[in-house]
Amino acid sequence: MPTKTSRRAAVAASTTPNTAPAAPAGKRDRTHYLYIAVIAAVALGIAVGLIWPDLGVELKPLGTGFVALIKMMISPIIFCTIVLGIGSVRKAAKVGAVGGIALGYFLVMSLVALSIGLVVGNILHPGDGLHLTDAIKATGHDQVSDEALPPVEFVLSIIPTTFLSAFTEGQVLQTLLVALLAGFALQAMGNVGQPVLRGIEHIQRLVFRILAMVMWAAPIGAFGAIAAVVGSAGLDALKSLAVLMLGFYVTCFLFVFIVLGVLLRAVAGLNILVLFKYLAREFLLILSTSSSESALPRLIAKMEHLGVSKPVVGITVPTGYSFNLDGTMIYMTMASLYIADALGTPMSIGEQIPLLLFLLLASKGAAGVSGAGLATLAGGLQSHKPALVDGVGLIVGIDRFMSEARALTNFAGNAVATVLVGTWTKEIDKARVQQVLAGELPFDEQTLLDDGETVTGGEVPEPREDGQKELAKA
């Protein structure tokens, strides 16, 4: 008997503790070197952009190609996440409650961001004393995009032409709609839909594994993107518009660490610095590519790993990327006031508020437009106050540098929003959150998924009323 007992203990020790924890440690080391390479690539890109600006501009396709690879993965990841999340919830009303709370929060925070930008812009007046040339005026008008849609057309554009075109056209909101319909349909099918959910679970694993492979190209993308930005703008643009840039960065910093930080502490009891440390690699990725979309798939994976339920993550994150653009709100506010001052036609508070509320609506119609910040600003001014479009050319040179802060702020806002909505709807595992943020449950950088939470080999998610998944034998 003693030998059998010791043998069992040895088998248990070899199968339970040593398999799961050991693998992530090795994988974590490998990806650690990857992000060190990203930092080195950013530094090298800045040097190339300053020393050989023409070469830096020619390297832009490297950054564009990397971001395009990431965007290629967004639609399938959103579809799989939402379908699996809704398919695991028995009551459809719970999903509707999550969406309603998320949209209400997005509207309130957009207004708060506009208000903060309004206050800082009126204090700084960074556009005083600048002069326009005919070339700058022409540049401003060139930024007006025809892609931004009025509200009614924007709502209709959410409906895809066909079921599959939502995946081929790269429209996040179209993918969101199709995924919601598919999730509710599988929810209504009950046990009959379980094989479909199992198949989608395996597709999700495949997509995340492809994304993990794509991430190894991040240093090349970061090098090309930063070199192009520095090479095209140069130091002259930075010096002439330093006040506007500095004011914008400070405003975004205050919004994130005071407004969002206080909210996160009050509602979820979390320190925003600890959350951002958990998301440090995503912030680095955004900083190096100037695109918050490059981190969208990883944000979905990390929020699920953190302990927020799949329905909350699947609805809040994709919707937030279109409707919760706090950095863009601050940018449009300060840029509008800057342009008005530069043109010698400063606006009164009575003129500023209607313009900014119009830009708030216009930004929703431009969701998904390439370079949405500048395009939305130019299009909004063209529709509401055409005389100011001439001045858009003044900020073209530094728009890419300001887009860094826009993207970082937008990402931070959506990460915090996911935790807050999960807390309000009681769809968050608080004990797991503490473990993850303490480093006790490291994120698997190789698969971007938790094997213990994923369906494999004959297991399907059993619908639960509380939105959590339980693995049951098929």
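Residues numbered from 1 in each chain as written. Predicted model: local features only at pLDDT ≥ 70, side-chain atom pairs only at ≥ 80, totals over all residues. Heavy atoms only, no water.

When helices and strands are tallied, the protein chain shows 21 helices and two strands. Across the 474 residues of the protein chain, 52% fall into the buried class. Across the protein chain, the fraction of contacts at a sequence separation of at least 24, relative to all contacts at a separation of at least 6, is 82%. Accessible surface, the protein chain as shown: approximately 20,300 Å² in total, 66% of it carbon and sulfur. (Helix = DSSP H or I, 4+ residues; strand = E, 2+ residues; numbered from the N terminus. Buried < 20%, exposed > 50% of the residue type's maximum accessible area, 1.4 Å probe, protein only. Contact = heavy atoms within 4.5 Å. Areas by Shrake-Rupley, 256 points an atom, 1.4 Å probe, with all protein chains shown as cover.)

What the rule picks out here adds up to nine aromatic pairs. Their ring planes at 80 degrees and their centres at 5.1 Å tell us that F79 and F167 sit as a pair that is edge-to-face. Here the residue F79 occupies a position in helix α4 (residues 60–87), and F167 occupies one in helix α8 (residues 165–168), the gap between them amounting to 88 residues. Ring centres 4.6 Å apart and planes at 40 degrees place the aromatic pair F253 and F257 in the tilted group. Residue F253 and its partner F257 are both found in helix α12 (residues 242–268); the two are separated by four residues, about one turn of the helix. By relative accessible area, F257 is classed as partly exposed at 31%. We note K302 situated over the ring of Y278; from NZ or CZ to the ring centre the distance is 4.8 Å. Seen from the ring of Y331, R406 lies directly overhead, with NZ or CZ sitting 4.2 Å from the centre. (Phe/Tyr/Trp six-rings, centres within 6.5 Å; stacked < 30°, edge-to-face > 60°. Lys NZ or Arg CZ within 6 Å of the ring centre and 35° of its normal.)

Looking now at helix α21 (residues 430–437). Along an α-helix, residues three or four apart share an orientation, since each turn contains 3.6 residues. Among all positions of α21, only R432, V433, V436 and L437 are buried. Seen end-on, α21 carries its buried residues on one side only, within an arc spanning 125 degrees. Of the surrounding secondary structure, the elements contacted by the buried residues of α21 are α13 (272–278) and α15 (296–306). The N-cap of α21, judged by a side-chain oxygen 3.3 Å from the amide nitrogen of A431 a few residues on, is D429. Just downstream of α21, G439 is the residue with a positive phi angle, here 85 degrees. (Arc of directions from axis to C-beta. Polar contact = N/O pair within 3.5 Å; in protein donor to acceptor, adjacent residues only side chain to side chain.)

Look at K426: it is not a glycine, yet its phi comes out positive at around 55 degrees. Within the fold, K426 resides in the loop between α20 (399–424) and α21.

On to helix α14 (residues 280–289). The element α14 is extensively covered by neighbouring structure, given that eight of its 10 residues are classed as buried. Inspection of α14 places R281, E282, F283, L284, L285, I286, S288 and T289 among the buried residues, and these make up the whole buried set.

Here we come to the confidence of the model for the protein chain. When pLDDT drops low, the exact placement of atoms in the prediction is not to be read closely. Residues with a pLDDT of 70 or more make up 76% of the protein chain, whose mean pLDDT is 76. Considering each helix and strand of the protein chain separately, the mean pLDDT is smallest for strand β2 (residues 470–473), with a value of 35, and largest for α13, with 94. Note that pLDDT drops below 50 for residues 4–29; the model gives that stretch nine contacts with residues more than four away or on any other chain. Across residues 452–474 the pLDDT falls below 50, and counting only partners more than four positions away or on other chains, this stretch makes 67 contacts in the model. (pLDDT = per-residue confidence, 0-100.)

With respect to the helices and strands, the residue T328 is situated in helix α17 (residues 326–342). According to the relative accessible area criterion, T328 is buried, its value standing at 8%. A distance of 3.2 Å separates polar atoms of two side chains, one belonging to T328 and the other to N410.

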